[in-house]
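# Chains, contacts and geometry: an overview
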Amino acid sequence: DLLFRAAHEPDSVKAKQLATQAYVLMKARQDRWFKGDDANWKPYDDIFLTMEGLGQWAAYAWLSDPRGAALPGLDAENGMRGGRRWWSQDEGLGLFLVIDRFLPNWASQAFAERPVIGLDLLRQAVGFE
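Keep in mind that what you see is a predicted model, and the values were worked out from it rather than measured.

Moving on, we come to the overall build of the protein. Broken down by element type, the protein carries 7 helices and 0 strands. Listed by position from the N terminus, the elements making up the protein come as α-α-α-α-α-α-α. Here the C-alpha radius of gyration of the protein, 15 Å, is about what a compact globule of 129 residues would show, namely 14 Å. With respect to the principal axes defined by its C-alpha atoms, the protein has extents near 45 × 35 × 30 Å. In the protein, which comprises 129 residues, the proportion classed as buried is 39%. Taking the intrachain contacts of the protein between residues at least 6 apart in sequence as the baseline, contacts between residues at least 24 apart amount to 55%. In the structure as shown, the protein presents an accessible area of about 7,700 Å², 56% of it carried by carbon and sulfur atoms.

A word on the environment of S108. Here S108 is to be found in helix α6 (residues 106–110). The exposure class assigned to S108 is exposed, which follows from its relative accessible area of 54%. Of the polar contacts made by the side chain of S108, one reaches the backbone oxygen of N105; its length is 2.8 Å.

Rules and cut-offs
Residues numbered from 1 in each chain as written. Predicted model: local features only at pLDDT ≥ 70, side-chain atom pairs only at ≥ 80, totals over all residues. Heavy atoms only, no water. Helix = DSSP H or I, 4+ residues; strand = E, 2+ residues; numbered from the N terminus. Rg over C-alpha atoms; globule rule 2.2 N^0.38 Å. Buried < 20%, exposed > 50% of the residue type's maximum accessible area, 1.4 Å probe, protein only. Contact = heavy atoms within 4.5 Å. Areas by Shrake-Rupley, 256 points an atom, 1.4 Å probe, with all protein chains shown as cover. Polar contact = N/O pair within 3.5 Å; in protein donor to acceptor, adjacent residues only side chain to side chain.

Next comes the structure, spelled out in structure tokens:
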């Protein structure tokens, strides 16, 4: 929910604060579950969340584009979120809505020869180092 609140917050400073909070919670989830013998699963979590987010964002972008389905942005977003049954799709969409808001040229990094994952793009987008 923090990601979606950040995507819609009119005040950019508050939006970045919300997105930073989301980033911290996302990292905490990974730190909790991907340690010890399970540490080797973290890169797959990064890839999976990035792929889910890119797919959800691409569908949202077409739905909300005047040359696509031309739905109002919030209608497109609600359609993509559906019943909110799949956390990774929901979180991925929120992740890329925030990235798209604050990091205009993110696609050049996400689709580079050495792609940058979603969580690292979020960190850049909010200036969290």
